[in-house]
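The primary structure of each chain is shown beneath.
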Amino acid sequence: MVSARSGGISGVWYVALGATLWGLDPLFRILLLKSFSSAQIVFIEHLLLACYAVPILVKYRKTLIGKLSLGVIGALLFISWGGSAIATILFTAAFSHGNANAILLLQKLQPLFAIILARVMLKETLPSKFFAYIAVALLGTYLLTFGFSSPEMGLKDLGTISCLFSILAAGLWGGSTVMGKYLLQKKLDFPIVTSLRFLLAIPLLTVVLVASGDAWHVTGTSGGLILIAVNLLFQAFFPGLLSMLLYYKGLTSTKAFFATLAELAFPAVGVCVNWLVFGQKLTVGQLAGFIVIWLTLWVMSRNQSKTAA
């Protein structure tokens, strides 16, 4: 009992550390948006990550024998196409349309998506009064999006489009948490899950890039080009690779429900980065929404702990 409990705590901290690195993502991504489109950034990231993924796949290829069922393949495609490709493109595009703090705070919805899917797919026990928690969380989401003022019901509002992109990305990432846990339960090693997540996304990203028709406009002084290259490398291997390795290592010994709560480190660190580096401030309404959703998730986690005890 003590050993299992210690392993769970260790796993949660690995997940939280991985999510903390995700919070540094805007520090690189916003700068790269000055030179590349969203699709181009994500495509380059995955090409760089292939330098890690291909050797790992070759090394662990024998561990895949007899494990590639339709369910496993579907889960791999979900985390690679949905979580690693489409969600990242939506999230990156959101930064080019709206306030970065609102985008990051809306990632609080990700645990709610993950909890529902974990109950359906993994049969993890939901907290009591779950639908009451959802209602309160939706109130918090409203405050995050519109603050204390009435919303302007105009779909052309760039802020609304940005929030929509962020919510869709949160749904895909929440689903990826559950699908990742499903794959690890099927005895796939976390390094190979990480590698396949990156590699399987490349064909889809290639199609998206060609379909978008984005022209490549990388110009500037040699110093500027070096800065772009350094940003791309750090973006790919720190918020990208290292964070996912830590994340899947932690997910191996952690329930999807607790893992998705640990992921709250991501928007928290991201907001601090925006405040300290980019000088963006939060409104009182956004802070209120942040507190409402955080308290909802905290109460849910306490309820789950009491149930387990």
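One structure accompanies this document, and this report is about it.

Conventions used here
- Within each chain, residue numbers correspond to sequence positions counted from 1 in written order.
- A pLDDT threshold of at least 70 governs which residues receive local features in this predicted model, and a stricter bar of 80 or more applies before side-chain atom pairs are shown or counted, although totals over entire chains, interfaces and linings include all residues.
- Calculation of side-chain values draws on the structure's entire complement of heavy atoms; hydrogens and water are dropped beforehand.
- Helix and strand assignments come from DSSP, with helices taken as H or I runs of at least 4 residues and strands as E runs of at least 2, each series counted from the N terminus.
- Burial classification: accessible surface area is computed with a 1.4 Å probe over protein chains only, and a residue below 20% of its type maximum counts as buried, one above 50% as exposed, and the rest as partly exposed.
- In this description, contact between two residues means that some pair of their heavy atoms is separated by no more than 4.5 Å.
- In this description, accessible areas are obtained by the Shrake-Rupley approach with a 1.4 Å probe, and a residue is regarded as covered only by the protein chains that are shown.
- Residues qualify for a patch when their relative accessible area is over 30% and they have no salt bridge, like charges being joined within 9 Å and the nonpolar side chains of Val, Leu, Ile, Met, Phe, Trp and Tyr within 5 Å.
- We define a salt bridge as a contact between a side-chain nitrogen of Lys or Arg and a carboxyl oxygen of Asp or Glu at a distance within 4 Å.
- Working convention: axes come from line fits to C-alpha atoms, limited for helices to the stretch in contact. Angles between N-to-C directions cover 0 to 180 degrees.
- Orientation is classified from the angle alone, with under 35 degrees giving roughly parallel, over 145 giving roughly antiparallel, 65 to 115 giving roughly perpendicular, and any other angle giving oblique.
- A clockwise turn of the near helix away from the far one marks a right-handed crossing, whereas an anticlockwise turn of less than a right angle marks a left-handed crossing.
- Only Phe, Tyr and Trp rings take part, Trp by its six-membered ring, and two of them pair if their centres are within 6.5 Å. Stacked means planes under 30 degrees apart, edge-to-face means over 60, and tilted covers everything else.
- Two limits define a charge over a ring: the Lys NZ or Arg CZ must be within 6 Å of the ring centre, and within 35 degrees of the ring normal.
- The term nonpolar core refers to a set of buried residues drawn from Ala, Val, Leu, Ile, Met, Phe, Trp, Tyr and Cys, joined through side-chain atoms within 4.5 Å.

Bringing the overall build of the protein into the picture now. Across its full length, the protein carries 14 helices and 0 strands. Each of the 309 residues in the protein was classed as buried or not, and the buried ones make up 49%. Of all intrachain contacts in the protein linking residues separated by at least 6 positions in sequence, the fraction that spans at least 24 positions is 91%. Per element, the accessible surface of the protein, about 14,700 Å² overall, is 72% carbon and sulfur.

Let us look at the side chain of Lys181. Among the secondary structure elements, Lys181 is positioned in helix 8 (residues 158-185). Residue classification places Lys181 among the buried residues on the basis of a relative accessible area of 9%. Aside from chain neighbours lying at most four places away, what touches Lys181 is Leu122, Leu251, Thr252, Ser253, Thr254, Lys255 and Ala256.

Side chains of Ile226, Val230, Leu233, Phe234, Phe238 and Leu242 sit close together on the surface and give an oily, nonpolar patch of about 500 Å² of accessible area. Here Leu233 is to be found in helix 11 (residues 222-251).

Here helix 2 (residues 25-32) crosses helix 4 (residues 70-95) at 70°, and the two axes come no closer than 10 Å. One element, helix 2, and the other, helix 4, form an angle in the roughly perpendicular class. Two packed elements cross with a definite hand, and for helix 2 against helix 4 that hand is right-handed. Across from Asp25, Pro26, Arg29 and Ile30 in helix 2, the residues of helix 4 making contact are Thr88, Phe91, Thr92 and Phe95.

Attention shifts here to the packing of aromatic side chains. For any two aromatic rings, the description comes down to two numbers: the centre-to-centre distance and the angle of the planes. What the rule picks out here adds up to 3 aromatic pairs. Taken together, a centroid distance of 5.2 Å and an interplanar angle of 50° make the contact between Trp22 and Tyr247 tilted. A residue pair is termed long-range when its members are at least 10 positions apart, and Trp22 in helix 1 (residues 2-22) and Tyr247 in helix 11 qualify at 225 residues. Residue classification places Trp22 among the buried residues on the basis of a relative accessible area of 15%. Here the aromatic rings of Phe234 and Phe238 are separated by 5.3 Å at their centres, their planes lie at 15°, and the arrangement is stacked. Placement of the pair is Phe234 and Phe238 together in helix 11, with a separation of 4 residues, close to one helical turn. By way of ring pairs, the aromatic residues Trp22, Tyr247 and Tyr248 are connected into one cluster. Between the NZ or CZ atom of Lys249 and the centre of the ring of Tyr14, over which it lies, the distance is 5.2 Å.

What follows covers the side chain of Arg197. Structurally, Arg197 can be placed in helix 9 (residues 190-199). The residues touching Arg197, leaving out its near neighbours within four places in the chain, are Ile79, Ser80, Gly83, Ser84, Trp173, Ser176, Met244 and Tyr248.

On to the nonpolar core. Ranked by internal contacts, the top residues of the largest apolar core, which has 47 residues, are Ile79, Phe91, Leu183, Leu188, Val193, Tyr247 and Tyr248. For this core, the secondary-structure elements that each account for two or more residues are helix 1, helix 3 (38-59), helix 4, helix 6 (110-121), helix 8, helix 9, helix 11 and helix 12 (256-262). Broken down by element, the residue count for this core peaks at 9 residues, all from helix 4. Core analysis: the second largest hydrophobic core is formed by 9 residues, Phe43, Ile89, Leu204 and Leu209 among them.

This part covers the environment of Ala94. On the secondary structure map, Ala94 appears in helix 4. A relative accessible area of 0% means that Ala94 is categorised as buried. In this structure the C-alpha to C-alpha distance between Ala94 and Ser162, which are 68 residues apart in sequence, comes to 4.5 Å. If sequence neighbours within four positions are ignored, Ala94 has contacts with Ile103, Ser162, Phe165 and Ser166.

Phi is positive for Lys187, close to 70°, though the residue is something other than glycine. Relative to the helices and strands, Lys187 is located in the loop between helix 8 and helix 9.

That's the geometry; what it means functionally is another story.
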